[in-house]
Amino acid sequence: MLISSQSLPIANIVAVTSAHTGRHTQMEAPAIGLLEVLQLGPMVVSKDSPRRISAAGCERLRRKIIGCGISIDRIMAVISSLVPARFLTLTAHLVIVITIFWSRGNNVLACLPVDYTQEQYSAADTQLIVALSVTLGMFAIELAGFMSGLSMFNSTQSVLSVGAHASGSVALLFYLFEGWQCPVYWWIFAFCSALPAITEIVIMIAVLGLKRKPL
């Protein structure tokens, strides 16, 4: 089977030619990704570029994946399940941060000595407000990339985001109820909020600036 495509203003025109019958048909189709290549089987793909995936190469790739005991359906199921998991963990982390923002009194007191002054309380409160505000900014960056589709189906970013926000949610629950001191929050922020936001920015630059594909 031979598959080639040309970029048109409305849709991609995919011409399919059977290697056995020589019949030629045309159909509209979106851009062909790796999972589509694996599902369609051995073929040659040519898309806006002279680079091609040979039939033998595609078949070897299919055999490697199947030989590892991983079915294509399972791969697609894992990728599709990462999207809601990422959304739920990100939302849970966001809700906990907002909760701490509006009930931060106990956490501020945990950062102060027994005999504190009003100036010390104001300084600790301002520090915590700044930390929480920066965290909300990181959420805005990641939600922008996720909701726009730039990283929605990026499996690497999804796994990193799910792990970071799930860990952040658990850690902030302990921070909220156990009254951990303020410096601990910056460690939670660095690994659970800043890290996925930085990788999100890298994906945005790659897709919007370098014109790479989102996946």
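Just so you know, these numbers come straight off a predicted model, no measurement behind them. (Residues numbered from 1 in each chain as written. Predicted model: local features only at pLDDT ≥ 70, side-chain atom pairs only at ≥ 80, totals over all residues. Heavy atoms only, no water.)

## So, helix α7 (residues 182-209)
In step 1: Between the first and last C-alpha of α7 there are 37 Å, a value that for 28 residues agrees with the 40 Å anticipated at 1.5 Å per step.
In step 2: Phi turns positive one or two residues past the end of α7, at Lys211, with a value near 60°. (Helix = DSSP H or I, 4+ residues; strand = E, 2+ residues; numbered from the N terminus. Expected span 1.5 Å × (residues − 1).)

## Some remarks on the packing of aromatic side chains
In step 1: Applying the stated criterion across every chain, the model contains 7 aromatic pairs.
In step 2: Ring centres 5.6 Å apart and planes at 75° place the aromatic pair Phe101 and Trp102 in the edge-to-face group.
In step 3: Summarising the aromatic geometry, the rings of Trp187 and Phe191 are spaced 6.4 Å apart at their centres and angled 10° between planes, so their arrangement reads as stacked. Separated by 4 residues within a single helix, Trp187 and Phe191 lie in helix α7, roughly one turn from each other. Across the pair, Phe191 and Trp187 agree in class, each one exposed.
In step 4: The ring centre of Phe101 lies 5.6 Å from the NZ or CZ of Arg104, which sits over that ring. (Phe/Tyr/Trp six-rings, centres within 6.5 Å; stacked < 30°, edge-to-face > 60°. Buried < 20%, exposed > 50% of the residue type's maximum accessible area, 1.4 Å probe, protein only. Lys NZ or Arg CZ within 6 Å of the ring centre and 35° of its normal.)

## Structural notes on the state of the cysteines
In step 1: Scanning all chains against the criterion turns up 1 disulfide.
In step 2: One disulfide bridge connects Cys111 with Cys182, the sulfur atoms lying 1.7 Å from each other. Looking down the S-S bond of the Cys111 and Cys182 bridge, the torsion is 95°, so its handedness is right-handed. Placement of the pair is Cys111 in the loop between α4 (105-110) and α5 (118-147) and Cys182 in helix α7, with a sequence separation of 71 residues. (Disulfide = S-S within 2.5 Å.)

## Topic: the pattern of salt bridges
A pair can form between side chains of opposite charge whenever their charged atoms are brought close.
In step 1: Tallied over the entire structure, the rule returns 3 salt bridges.
In step 2: A salt bridge links Glu142 to Arg86; its shortest N-O distance comes to 3.6 Å. You can see Glu142 sitting in helix α5 and its partner Arg86 sitting in helix α3 (residues 72-102), a full 56 residues away along the chain.
In step 3: Glu200 serves as the salt-bridge partner of Arg86, at 2.7 Å between the closest nitrogen and oxygen. Separated by 114 residues along the polypeptide, Arg86 in helix α3 and Glu200 in helix α7 bring together distant segments of the chain. Here Arg86 and Glu200 have matching classes, each one buried.
In step 4: Each of Arg86, Glu142 and Glu200 takes part in salt bridges that share partners, so that together they form one network. (Salt bridge = Lys/Arg side-chain N within 4 Å of Asp/Glu carboxyl O.)

## Focus on the environment of Leu128
In step 1: Examined against the element boundaries, Leu128 turns out to sit in helix α5.
In step 2: Overall, Leu128 belongs to the buried group, its relative accessible area being 3%.
In step 3: Put simply, Leu128 and Cys111 are 17 residues apart on the chain and 9.7 Å apart in space, counted from C-alpha to C-alpha.
In step 4: Residue contacts for Leu128: discarding those within four places in its chain leaves Arg104, Asn107, Val108 and Tyr175. (Contact = heavy atoms within 4.5 Å.)

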